[in-house]
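Architecture and fold: a report
These are the residues of each chain, in order.
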Amino acid sequence: MDQVDERTGQLFKLLVEAYLSNGRPVASKALAGQPSVSVSPATVRNIMARLEGQGLVTSPHTSAGKVPTSQGLRFFVESLLAVEPLDEAGRRGIEAQLNPDLPPADLIESASEALSRITSMACVVTLPRQEQAALRHVEFLKLDAERVLAILVFNDREVQNRVIHTDHDYQEADLVRAANFINQEFGGLTLGDARSGLLASMQRDKDRMDNLLQSALDLAAQAFAKPPSGGKGFVVAGESNLLDISADTDTVRALFEAFTRKGSILHLLDQCLNTQGIQLFIGDESGYEVLDELSLVSSSYSVNGRIAGVLGVVGPTRMAYQKIIPVVDVTAHLLGDALNHS
């Protein structure tokens, strides 16, 4: 990339912008005819040949013009793209769709639908990681001699029920006292912090615990256990837009199947959880064949100051990155704000 001088960069930028606009190969003669270009078609062809040697452009057919490669689009986005900030009206429009009075699950769905409607692309939003949800209240109910139902209330809205298998026949009064202790010690913490505090208490006080404390911590250890990875998921909106952005029905069908199976898509989105801000996978950069002809623009969103999930749009590699990137970025921030107030 260091070998791209100013003139070459200008021509390459014009080529990419033309390709993103109409999706067709760009001929050297057409580039030479641009008002801002002051070199001959022969010089343009020589520059295009150098860019092709660097892997930034390619020719779909022998006699066709040039189109940018995935590597070329990456170079364009990182070095030459001028992002257009989302205007205030657009921001208010998204904010209006994210009512903090909605339950978290409904907020996620609203964000997905709003982003899909604005971008006319498929949108995916992962559900908030339970690790970041604030634990408000715990109750234990006896089911039988070997099973206890743990009821976990998060953020005053979301309720999770988990069945605990025990080797002790707990009485109702024991379960009430255990729940009261756990609520006093861990109420208000995120589930991740509560689990860490629980483990620390068990290690620190093991030798001098009374039976009640031991029982309470044993129950909590199972109630706070991490759920299996299969419990994770995401919300998808605008899948039908894929039919408009790709003429390759096999690609669309494969992506539909990927959304249905979830595994590969979730793995890709999980990679984005480790980084704040915009993440971009262009074409085969994702490592998944189903996305070889598509791009994913994503951004993490945060709850209580911690990354909780990811939202993004899936569209053609020739999407209008300068418009899509700020929309995704703003929606992620607004979703996080709404969830914080939810």
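Above this text is the structure in question.
Below or above, wherever it landed, is the structure these notes cover. (Residues numbered from 1 in each chain as written. Predicted model: local features only at pLDDT ≥ 70, side-chain atom pairs only at ≥ 80, totals over all residues. Heavy atoms only, no water.)

**Section: the nonpolar core**
- With 55 residues, the main nonpolar core has Val-297, Tyr-301, Tyr-321 and Leu-335 as its most contacted residues.
- The greatest single-element share of this core, amounting to eleven residues, is contributed by helix H13 (residues 321-341).
- Apart from residues lying up to four places away in sequence, Tyr-321 is in contact with Leu-20, Leu-73, Val-77, Leu-81, Leu-280, Ile-282, Ser-295, Val-297, Pro-316 and Pro-326. (Core = buried A, V, L, I, M, F, W, Y, C linked by side-chain atoms within 4.5 Å. Buried < 20%, exposed > 50% of the residue type's maximum accessible area, 1.4 Å probe, protein only. Helix = DSSP H or I, 4+ residues; strand = E, 2+ residues; numbered from the N terminus. Contact = heavy atoms within 4.5 Å.)

**Quick notes on the packing of helix H6 (residues 104-119) against H13**
- Viewed as axis vectors pointing N to C, H6 and H13 meet at an angle of 165°, and their least axial separation amounts to 11 Å. With respect to their mutual orientation, H6 and H13 come out roughly antiparallel. Pair H6 / H13 crosses with right-handed handedness. Contact residues: H6 offers Pro-104, Leu-107, Ile-108, Ala-111, Leu-115, Ile-118 and Thr-119, while H13 offers Ile-324, Val-327, Val-328, Thr-331, Leu-335, Ala-338 and Leu-339. (Axes fitted to C-alpha atoms, helices over the stretch in contact; angles between N-to-C directions. Parallel < 35°, antiparallel > 145°, perpendicular 65-115°, else oblique. Left-handed = near helix turned anticlockwise from the far one by under 90°.)

**Considerations on the side chain of Ser-295**
- Position of Ser-295 among the secondary structure elements: in strand S9 (residues 294-303).
- On the accessibility criterion, Ser-295 (1% relative accessible area) is buried.
- Of the polar contacts made by the side chain of Ser-295, one reaches the side chain of Tyr-321; its length is 2.9 Å. (Polar contact = N/O pair within 3.5 Å; in protein donor to acceptor, adjacent residues only side chain to side chain.)

**So, the environment of Leu-296**
- As for its position among the elements, Leu-296 is in strand S9.
- Along the chain, Leu-296 and Thr-317 lie 21 residues apart, while their C-alpha atoms are 8.5 Å from each other.
- Excluding residues within four positions of it along the chain, Leu-296 makes contact with Leu-268, Leu-269, Gln-279, Leu-280, Phe-281, Gly-312, Val-313 and Val-314.

**Some remarks on helix H3 (residues 41-53)**
- Counted at 1.5 Å a residue, the expected span for H3 with its 13 residues is 18 Å, and the 18 Å between its end C-alpha atoms agrees.
- The set of residues buried in H3 consists of Val-44, Ile-47, Met-48 and Leu-51. The arc enclosing the buried residues of H3, seen along the axis, measures out at 100°, which places them on a common side.
- Lining the buried residues of H3 we find helix H1 (6-22), helix H2 (28-32) and strand S1 (57-58).
- Positive phi appears at Gly-55, one or two residues downstream of H3, with a value of about 80°. (Expected span 1.5 Å × (residues − 1). Arc of directions from axis to C-beta.)

**Some words on the pattern of salt bridges**
- Taken as a whole and judged by the stated rule, the model has seven salt bridges.
- For Glu-17, the salt bridge goes to Lys-13, with nearest N and O atoms at 2.6 Å. You can see Glu-17 and its partner Lys-13 sitting in helix H1, four residues apart, about one turn around the helix.
- For Lys-13, a relative accessible area of 26% corresponds to the partly exposed category. (Salt bridge = Lys/Arg side-chain N within 4 Å of Asp/Glu carboxyl O.)

**Topic: the packing of helix H5 (residues 88-97) against H13**
- Interhelical geometry of H5 versus H13 gives an angle of 40° and a closest axis separation of 10 Å. Considering the angle they form, H5 stands oblique to H13. By crossing handedness, the relation of H5 to H13 is classed as right-handed. Contact residues: H5 offers Arg-91, Ile-94 and Glu-95, while H13 offers Val-327, Val-330, Thr-331 and Leu-334.
- When its residues are assigned to classes, the contact of H5 with H13 shows four nonpolar, one polar and two charged. (Nonpolar A, V, L, I, M, F, W, Y, C, P; charged D, E, K, R; others polar.)

**Details of the sheet that holds strand S6 (residues 158-165)**
- Read from one edge of the open sheet, three strands run S4-S5-S6, paired in antiparallel fashion. The open sheet is flanked by strand S4 (135-144) and S6, the only strands paired with a single partner. Each strand axis lies, on average, 20° off the axis of its neighbour in the sheet, ignoring direction.
- With eight bridges joining them, S4 and strand S5 (residues 147-154) adopt antiparallel strand pairing. From the neighbouring strand, Leu-141 faces S5, where its bridge partner is Leu-149. (Pairing = 2+ DSSP bridges.)

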